Amino acid sequence: MNIETAKRLYEYRKAHGFSQEELAAKIGVSRQAISKWERSESSPDTDNLIALAQLYGVSLDTLLMGENEPKKENSKEEPKAEENAESDSNTNKEDAETETSADNGSENDAPDKIDGTNTNENETENPAQSVPVAVPAAAPENYNTNNAYPENQFAANTSYYTPAAKKKLSMGAKIAIGAAAAAILLIIAAAIGINIYDEVMDEREDMNQYTTETTTMPNSNGSGTSQNQSQTAQQGVYTVDPAAVNHISVEWGAGNVNVAYYDGEQIQFSDSVEENSENALVSRIEGRELKIYFCQNMRGSGTSDPKDLQINIPKSMTLTEFDIESSSANITVENIIADKMELHSNSGEINAAGEFASLDIETNSSNAQVTNTAQLIRQIDANTRSGGITVTIPQSIDGFYMEYETVSGSVSTDFSTQSSGSARRGVLNYGNSSTQIEVETTSGNFALKAAQ
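Residues numbered from 1 in each chain as written. Predicted model: local features only at pLDDT ≥ 70, side-chain atom pairs only at ≥ 80, totals over all residues. Heavy atoms only, no water.

Novice: Describe the overall build of the protein chain, with residues and values.
Specialist: Regarding its fold elements, the protein chain presents eight helices and 21 strands. A buried classification covers 36% of the 452 residues belonging to the protein chain. In the protein chain, 57% of the contacts between residues at least 6 apart in sequence involve partners at least 24 apart. In the structure as shown, the protein chain presents an accessible area of about 26100 Å², 47% of it carried by carbon and sulfur atoms. (Helix = DSSP H or I, 4+ residues; strand = E, 2+ residues; numbered from the N terminus. Buried < 20%, exposed > 50% of the residue type's maximum accessible area, 1.4 Å probe, protein only. Contact = heavy atoms within 4.5 Å. Areas by Shrake-Rupley, 256 points an atom, 1.4 Å probe, with all protein chains shown as cover.)

Right under this line is the structure:
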């Protein structure tokens, strides 16, 4: 309902001297409904509008859109003395005129009435003799209750607040903010890189100063050196008591890394480089882990001449973990038994065989061939960018659950699996799913073979 209609409903109620409670009782609604109509918060339905029009003695059109304002009758409010006297005088005069008009109407032909409005042709032709049912009356000046409109709502010169327009950043300001953010990120990255570099250099420095008690192999005439001498040997051959370690890790640059069992009783490793050479290997023991590095200055491992590392392990020894990481060196592992085997190479080839309960293979642009003869395999992780990885496992394996994801490579298996997903991402399920396999490739291929 619009404000003007709501205002007219208020004025008609006041003109007829009804309170909101009285008007509500007469037309059968609640006081709150009357209040909402006069505040334009809701609109009366058709039945209520008809009831109001009949109560006020006007038509619906006059009630809702008529130009004449309602005549003020016996108002219950106490106006000022001057206004009260003038109102009583006007009321008596208007009543007399209304009675005269009614008498004149009864002498003429019976008029047609629609919703209480006199449509007599004579009255239409002579508007001066037709007196409106209600005389326009303005709302009282002191009307400002919570149940109706305050006077200032109908003011013609009402002012409204216009929100200020939002300021937009110029292109130059946006570029400056972006450049500042990029500079902050570069500073943070540089600080992190410097911190990592310092930590690596400190570790390398500590490693160069650290020595372990190892023994050198006997020379050709059968004589040997002291059991408690420095790890670095004249002939570049080193031995370690297998009881002192259960974990071996290797970081190698270029050349080859070969690991095999032999008939000896000590762990033996050699790169055949003299001890005074800057390219000689360095090793140390931390806890029960034997660490072997390509050379004293690992920063030069990528540019130093290739060399071979040979590691011989006693046949009776089973390792908890064996890790080999190389830059461009080829890795060969011959029938080693380890609970966990990790083989990572950037561009060197990997060929390995043995029994590994857990196998982790990672290549960049090289190929890897791994045969795992263990009957109980917990997990296999394979990751390659553009190389190829082939893993051979026993055909009698109880089962595996493989999750794979590749961009443009392929994933294949010799086993009859149940598959779900697509060629790029999915799951292969075989047997009781006891072995967990995760495969990620970019453009490389992965194949899971069954041993014949």
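Novice: Before we move on, can you summarise the environment of Arg-8 with the specific residues and values?
Specialist: Turning to its location among the elements, Arg-8 is positioned in helix H1 (residues 3–15). Arg-8 sits in the buried class, given a relative accessible area of 9%. Residues Arg-8 and Glu-38, spaced 30 residues apart in sequence, show a C-alpha to C-alpha distance of 8.3 Å.

Novice: Now, about the packing of aromatic side chains: what can you tell me, with residues and values included?
Specialist: By the definition in use, this model includes six aromatic pairs. Ring centres of Phe-400 and Phe-415 lie 5.4 Å apart, and the angle between their planes is 80°; on these two criteria the pair is classed as edge-to-face. Remark: Phe-415 occurs in the loop between strand E17 (411–413) and strand E18 (418–421) and Phe-400 occurs in strand E16 (residues 399–406); sequence separation between them is 15 residues. The positively charged end of Lys-307 is found above the aromatic ring belonging to Phe-294, 4.7 Å away from the centroid. (Phe/Tyr/Trp six-rings, centres within 6.5 Å; stacked < 30°, edge-to-face > 60°. Lys NZ or Arg CZ within 6 Å of the ring centre and 35° of its normal.)

Novice: Kindly report on the confidence of the model for the protein chain, identifying the contributing residues and their values.
Specialist: In the predicted model, the protein chain carries a mean pLDDT of 76, and the fraction of residues at 70 or more is 67%. Note that residues 73–161 has pLDDT below 50 and, in this model, 90 contacts with residues that lie over four places away or in other chains. Counting interchain partners and residues more than four positions distant, the pLDDT-below-50 stretch residues 210–234 has 42 contacts. (pLDDT = per-residue confidence, 0-100.)

Novice: Tell me about helix H4 (residues 46–56), and please be specific about residues and values.
Specialist: For H4, the complete set of buried residues consists of Asn-48, Leu-49, Leu-52, Ala-53 and Tyr-56. The arc that holds every buried residue of H4, seen down its axis, measures 135°, which confines them to one face. Looking at H4, the residues exposed on the side facing more than 90 degrees away from the buried face are Thr-46, Asp-47 and Gln-54. Residues of H4 that are buried make contact with H1, helix H2 (20–27), helix H3 (31–38) and helix H5 (60–65). Positive backbone phi, at 75°, marks Gly-57, one or two positions downstream of H4. (Arc of directions from axis to C-beta.)

Novice: Which residues make up the pairing of strand E21 (residues 445–450), and what values go with them?
Specialist: Judged from the six bridges that link them, strand E15 (residues 388–393) and E21 form a sheet pairing that is parallel. Note that in E21 the partner of Gly-388 across the bridge is Asn-445. (Pairing = 2+ DSSP bridges.)

Novice: An account of the packing of H1 against H3 is needed here, citing residue identities and associated values.
Specialist: Contact geometry of H1 with H3 gives a least axis separation of 7 Å together with a crossing angle of 125°. Classified by the angle between their axes, H1 and H3 sit oblique to one another. Where H1 approaches H3, its residues Ala-6, Leu-9, Tyr-10 and Arg-13 are matched on the opposing element by Ile-34, Trp-37 and Glu-38. Broken down by class, the residue content of the contact of H1 with H3 amounts to five nonpolar, no polar and two charged. (Axes fitted to C-alpha atoms, helices over the stretch in contact; angles between N-to-C directions. Parallel < 35°, antiparallel > 145°, perpendicular 65-115°, else oblique. Nonpolar A, V, L, I, M, F, W, Y, C, P; charged D, E, K, R; others polar.)

Novice: Can you break down the environment of Asn-279 residue by residue, with the values?
Specialist: Tracing the backbone shows Asn-279 in the loop between strand E6 (267–270) and strand E7 (282–286). Judged by relative accessible area, Asn-279 falls into the buried class, the value being 17%. Here the alpha-carbon distance between Asn-279 and Pro-306, two residues 27 residues apart in the chain, equals 9.6 Å.

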